[in-house]
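Close look at the chain arrangement
Okay, here's what each chain looks like letter by letter:
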Amino acid sequence: MIKFVYLDRHWSMIKKDYAKNLNELWSQGKVVYEDLHVVDLIKQHTNRKYVTLTNSCTDAITMMIQASVEPGSEIICPAYSFYATAHAISRAGCKPVFVDIDENYHLDLAKIKITTKTKAMLFVSLFGNPMNYAEVVKFCKDNNIVCLEDAAQSFGSAYNKHKSGAVGVASALSFSPSKPSPTFGFIGAVATDNEALFDHVTDAKKHGVSNGTVGHNSNPASALVLQLQHSLEHHELCQKHRNDLASMYDTGLCDSVVLPHRQGKHNWSKYVIQTEQRDQLKKFLDKQGIETKIHYHTLLPKHKMYHRHTIYPTAEKLARTSLSLPIDAWMTNKECKIVCDAIKEFFA
């Protein structure tokens, strides 16, 4: 069986040191706390001045929005992304305005229609493929709207001199099990250079007592923070192996499927191919013991909560043809070759 994510192998590597460090932590009564070393590591990766940890990236996006715009604001977001992108906008009391994407799974800036109600853009570098961040920032500045980054899948990515996690007014990060810097649960972060926004989120995640607003209970458990510390300390080594696996896929599959477009520094949070025979290929690989995923079956505006009937041509095509292959820091080169050989066999 070739797994999509190898948490078992990850755990085997860290469990001895982790158990020792966790015992020391809990012996001091530190059950919920914000480790400054972890915060510093995230700052180093993003070049942000301020970072605060949250229970999830969904919480991070929600509080980031609440600190940036008034309730009822319209916020531009892609029609194709993980559900939390739109859900967090709604949780923040705002309205998502869905826009089609381009062939790189990015917001298509040319299709955005700004109105007097448009107050912000929440853009996504989906699957770790970075947008042209300078263009995004310029678009928001030219249209006088707040630029917010959903960097849930792009931590470690970069476009030219701009790092993911350092674009716009604030960025929301994710360190869940399938991410390049994973934990065995869900933990997020807000990264910003804006001290007032940082203070607002820091208070909001502790029920919003100081702000006098309805806040959240979003303080990560020390067990997860400790796991995140290990992942961040080994991020570059793990990223190198993901890059190697992506190169193997590029070479092995170039004659069989549409390969993901490389733009800037890609963290390969997901390796997503395209084929009109997506569903048949997935079934074939399942029978071969190769786990794959579909990200995502349903466009955000088509979910029951929104139920929009607008047509999003590129997003609908990619939702029909995209398939995510296993790419994990603990996957072996041999397993990657087996995946390539199986796909070539399907198309032979």
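Predicted model only: the values in this text are computed from it and were never measured.

**Description of the overall build of the protein chain**
- A tally of regular secondary structure across the protein chain gives 11 helices and 11 strands.
- For the protein chain, whose C-alpha radius of gyration is 20 Å, the value lies close to the compact-globule estimate of 20 Å for 348 residues.
- With respect to the principal axes defined by its C-alpha atoms, the protein chain has extents near 65 × 55 × 40 Å.
- The 348 residues of the protein chain split such that 57% are buried.
- For the protein chain, the separation between the mean place of its 40 positive charges and that of its 35 negative charges on side chains is 2 Å.

**A short note on the nonpolar core**
- Membership of the largest hydrophobic core comes to 41 residues, with the highest contact counts inside it found for I61, I65, I75, Y80, F98, Y105 and L122.
- Among the secondary structure elements, those contributing two or more residues to this core are α3 (57–66), β2 (74–78), α4 (83–91), β4 (118–124), β8 (170–174), α6 (195–204) and α10 (313–321).
- The greatest single-element share of this core, amounting to six residues, is contributed by α3.
- For I65, the residues in contact, after removing those within four places along its chain, are I75, A88, I89, A92, C94, L122 and L148.

**Description of the side chain of R242**
- Within the element layout of this structure, R242 appears in helix α8 (residues 235–253).
- Here R242 occupies a buried position and makes no salt bridge, while the nearest side chain of opposite charge, D328, is found at 4.2 Å.
- If we skip the residues at most four places from it in the chain, R242 touches S178, K179, P180, N267, W268, S269, I327, D328 and A329.

**Regarding empty space enclosed by the protein**
- By the definition in use, this model includes one cavity of 30 Å³ or more.
- Each pocket or cavity is described by its volume, and for the largest cavity that value is around 50 Å³.
- Looking at the largest cavity, the residues that line it are H10, M13, P180, P182, H230, S231, H234, H235, C238 and W330.
- At the level of secondary structure, the elements contributing two or more residues to the lining of the largest cavity comprise α1 (7–27), α7 (222–233) and α8.
- Across the lining of the largest cavity, the residue classes tally to five nonpolar, five polar and no charged.

**A word on the environment of N143**
- The residue N143 is located in the loop between α5 (133–142) and β5 (146–151) in this model.
- Here F139 takes part through its backbone oxygen, which lies 2.8 Å from a polar atom of the side chain of N143.

**Here we look at the layout of surface pockets**
- By volume, the largest pocket amounts to about 420 Å³.
- Around the largest pocket, the lining comprises 23 residues; the ones closest to its centre are F82, Q153, S174, S176 and K179.
- Counting only elements with at least two residues in the lining of the largest pocket, the list comes to α3 and α4.
- The dominant element in the lining of the largest pocket, judged by the number of residues it contributes, is α3, at three residues.
- Tallied by class, residues from the lining of the largest pocket come to 11 nonpolar, nine polar and three charged.

Thresholds, definitions, all that
Residues numbered from 1 in each chain as written. Predicted model: local features only at pLDDT ≥ 70, side-chain atom pairs only at ≥ 80, totals over all residues. Heavy atoms only, no water. Helix = DSSP H or I, 4+ residues; strand = E, 2+ residues; numbered from the N terminus. Rg over C-alpha atoms; globule rule 2.2 N^0.38 Å. Buried < 20%, exposed > 50% of the residue type's maximum accessible area, 1.4 Å probe, protein only. Lys, Arg positive; Asp, Glu negative; His and termini not counted. Charge placed at Lys NZ, Arg CZ, Asp CG, Glu CD. Core = buried A, V, L, I, M, F, W, Y, C linked by side-chain atoms within 4.5 Å. Contact = heavy atoms within 4.5 Å. Salt bridge = Lys/Arg side-chain N within 4 Å of Asp/Glu carboxyl O. 1 Å grid on protein atoms, 1.4 Å probe; cavity = no way out; pocket = protein on both sides within 12 Å on 5 of 7 lines; lining within 4 Å. Points joined across faces, edges and corners; volume = space filled by probe spheres on them. Nonpolar A, V, L, I, M, F, W, Y, C, P; charged D, E, K, R; others polar. Polar contact = N/O pair within 3.5 Å; in protein donor to acceptor, adjacent residues only side chain to side chain.

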